[in-house]
Amino acid sequence: ISDIHHTEKEHEIATSEANNPQFFSDYQWAIELKGQLKKVFIWDLFDKKEAKCRLDSRLHKNDDLVMRLSHRIWVRAAVILIAIISGAMIHAVLSGSFRETQFTEIDVPKGQMTQIKLSDGTKIWLNSGSSFKYPTVFDHSSREVFIDGEAYMEVAKNKHKPFVVNAPNFSVAVLGTSFNVSAYSEDDHASVTLVEGSVLLRSNDKKWKTNMVPGQSASFSYGEKMPELTRVNTDFYTSWKDEKIVFRKETLNEIAKKMER
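Attention here is on the structure that accompanies the text. Because the structure is a prediction, the values reported are computed rather than measured.

What counts as what
- Residue numbering note: each chain is counted from 1, following its sequence as written.
- Reporting of local features is limited, given that this is a predicted model, to residues whose pLDDT is at least 70; pairs of side-chain atoms are given and counted only at 80 or more, and all residues count toward the totals for whole chains, interfaces and linings.
- Excluding hydrogens and water, the side-chain values take into account all heavy atoms of the structure.
- Helix and strand labels come from DSSP, where a helix needs a run of H or I of at least four residues and a strand needs a run of E of at least two; each type is numbered from the N terminus.
- Exposure categories follow from relative accessible area, calculated using a 1.4 Å probe and restricted to protein chains: below 20% of the type maximum is buried, above 50% is exposed, and the middle band is partly exposed.
- Between two residues, a contact is recorded if the distance between any of their heavy atoms is within 4.5 Å.
- Exposure above 30% relative accessible area and no salt bridge define the residues that can form patches, which grow by joining like charges within 9 Å and nonpolar side chains of Val, Leu, Ile, Met, Phe, Trp and Tyr within 5 Å.
- Only the protein chains shown count as cover for residues, and all accessible areas are computed by the Shrake-Rupley method using a 1.4 Å probe.
- Take a side-chain nitrogen of Lys or Arg and a carboxyl oxygen of Asp or Glu: if they are within 4 Å of each other, that pair is a salt bridge.
- For Phe, Tyr and Trp, where Trp contributes only its six-membered ring, two rings pair if their centres lie within 6.5 Å, and the inter-plane angle classes them as stacked under 30 degrees, edge-to-face over 60, or tilted in between.
- Charge-over-ring placement is defined geometrically: NZ (Lys) or CZ (Arg) within 6 Å of the ring centre, and within 35 degrees of the ring normal.
- Residues belong to a common nonpolar core when they are buried Ala, Val, Leu, Ile, Met, Phe, Trp, Tyr or Cys residues joined through side-chain atoms within 4.5 Å.
- Identification of polar contacts relies on pairs of N or O atoms within 3.5 Å, with a donor-acceptor requirement for protein atoms, meaning one able to donate a hydrogen and the other able to accept it, and with residues adjacent in sequence counted only if both atoms are side-chain atoms.
- Being paired, for any two strands, means DSSP has found at least two bridges between them.

Observations concerning unusual backbone geometry
Most of the time, phi is negative for any residue but glycine, and the peptide bond is trans.
Now for step 1: In this model, Asn169 sits at a positive phi of 80°, which is unusual for a non-glycine residue.
Now for step 2: Relative to the helices and strands, Asn169 is located in the loop between strand E6 (163-167) and strand E7 (170-174).
Now for step 3: Residue Asn169 is classed as partly exposed on the basis of its relative accessible area of 44%.
Now for step 4: A positive phi angle, near 65°, is found at Glu243, a position not held by glycine.
Now for step 5: One can find Glu243 in the loop between helix H4 (234-238) and helix H5 (252-260).
Now for step 6: The exposure class of Glu243 is exposed, given its relative accessible area of 67%.

Considerations on the side chain of Thr238
Now for step 1: Within the secondary structure, Thr238 is located in helix H4.
Now for step 2: The class of Thr238 is buried, set by a relative accessible area of 7%.
Now for step 3: Leave out the neighbours within four places in its chain, and Thr238 touches Tyr152, Asn180 and Val195.

Considering a nonpolar patch on the surface
Now for step 1: Taken together, the side chains of Leu81, Ile85 and Met89 make up a nonpolar region of the molecular surface, amounting to roughly 310 Å² of accessible area.
Now for step 2: Positionally, Met89 belongs in helix H3 (residues 48-98).
Now for step 3: The class of Met89 is exposed, set by a relative accessible area of 54%.

Considerations on the packing of aromatic side chains
Now for step 1: Overall, the coordinates contain seven aromatic pairs when judged by the stated rule.
Now for step 2: Site record: aromatic cluster; members linked through ring pairs are Phe170, Trp208 and Phe220.
Now for step 3: A cation sits over an aromatic face here: Lys133 above Phe103, 5.2 Å from the ring centre.
Now for step 4: The ring of Tyr184 is capped by Arg261, whose NZ or CZ atom sits 3.6 Å from the centre of that ring.

Overview of the nonpolar core
Now for step 1: Within the largest apolar cluster, 32 residues are counted, with the highest numbers of intra-cluster contacts made by Leu118, Phe132, Met153, Phe163, Phe170, Val172 and Phe179.
Now for step 2: At four residues, the largest contribution of residues to this core is made by strand E5 (residues 143-154).

Section: the side chain of Ser203
Now for step 1: As for its placement among the helices and strands, Ser203 is situated in strand E10 (residues 199-203).
Now for step 2: A polar contact of 3.0 Å, which involves the side chain of Ser203, links it to the backbone nitrogen of Lys207.

Considering the pairing of strand E8 (residues 178-183)
Now for step 1: Burial runs high along E8: six of the six residues are buried.
Now for step 2: As paired elements, E5 and E8 share six bridges and run antiparallel to each other. Note that in E8 the partner of Ala151 across the bridge is Val181.
Now for step 3: In this sheet, strand E9 (residues 189-196) lies alongside E8 in antiparallel orientation, the contact comprising five bridges. Across the sheet, residue Val181 finds its bridge partner in E9, namely Val192.

Points about the environment of Lys206
Now for step 1: Positionally, Lys206 belongs in the loop between E10 and strand E11 (209-212).
Now for step 2: Along the backbone, Lys206 and Asn169 are 37 residues apart, and their C-alpha atoms lie at a distance of 9.9 Å.

Considering the pattern of salt bridges
Two side chains of opposite charge can pair, provided their charged atoms sit close to one another.
Now for step 1: Per the stated rule, a full pass over the model turns up seven salt bridges.
Now for step 2: The closest approach of N and O atoms between Arg261 and Asp187, which form a salt bridge, is 2.9 Å. Of this pair, Arg261 sits in the segment after H5 while Asp187 sits in the loop between E8 and E9; the two residues are 74 residues apart in sequence, bridging distant segments of the chain.
Now for step 3: According to the relative accessible area criterion, Arg261 is buried, its value standing at 13%.
Now for step 4: When its relative accessible area of 10% is taken as the criterion, Asp187 is described as buried.

Considerations on the environment of Lys209
Now for step 1: Position of Lys209 relative to the elements: it lies in strand E11.
Now for step 2: Separated by 38 residues in the primary sequence, Lys209 and Ser171 place their C-alpha atoms 9.5 Å from one another.
Now for step 3: Apart from the residues within four sequence positions on either side, Lys209 is in contact with Leu200, Leu201, Arg202 and Met226.

Right under this line is the structure:
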């Protein structure tokens, strides 16, 4: 169109050469073509600035629409994800709450000893005539076992899950340690000897509790208010797991009971 659009000077030149038939024919053709193009494009009336503004406005509207749609999609996706995670957590909690804990119980015959390893890595030696019950798999909050008899335990350390040994009339709570507990329900007394680490002794009726340090032994009769803590040679209390029976200042009745087992 710009090639056809002559200036006024060019128009005068074209008029002066109108006597040339060939030129006159070409010029008439150009004028007619320009008129037709004006009808189609309305070029002279076309406001380029306004068109650009309209185009930009439509493009921005489309961008805003895309942004709004993207925002809605992300919001819905986040809501769905939160719902899925919440449902999974609720299901896990409910499943853990209502799932019955499975226990394994070991009864050691008289004249025998046995050794086991729990799911958390704790090692247990059980003396003759002992009964030991423990969960097949520990839960997420604690490690709790039950003993009626004598056991030597090397407890695997886990500061987030205390290890609790429940004996007749008292319990022993540890985080990671080695100790010996003798608590036969048929006897009238019990003892706990700490080899390493630390333990907390607590009566089942919550009337007393005491902390122990390595090298101490707590001996007490059932029903006493507080056990007596003494410094001892721990090997004397743990020699049975090495198949040695040691007696020291014990009555004949106590020796006979141990020999019977």
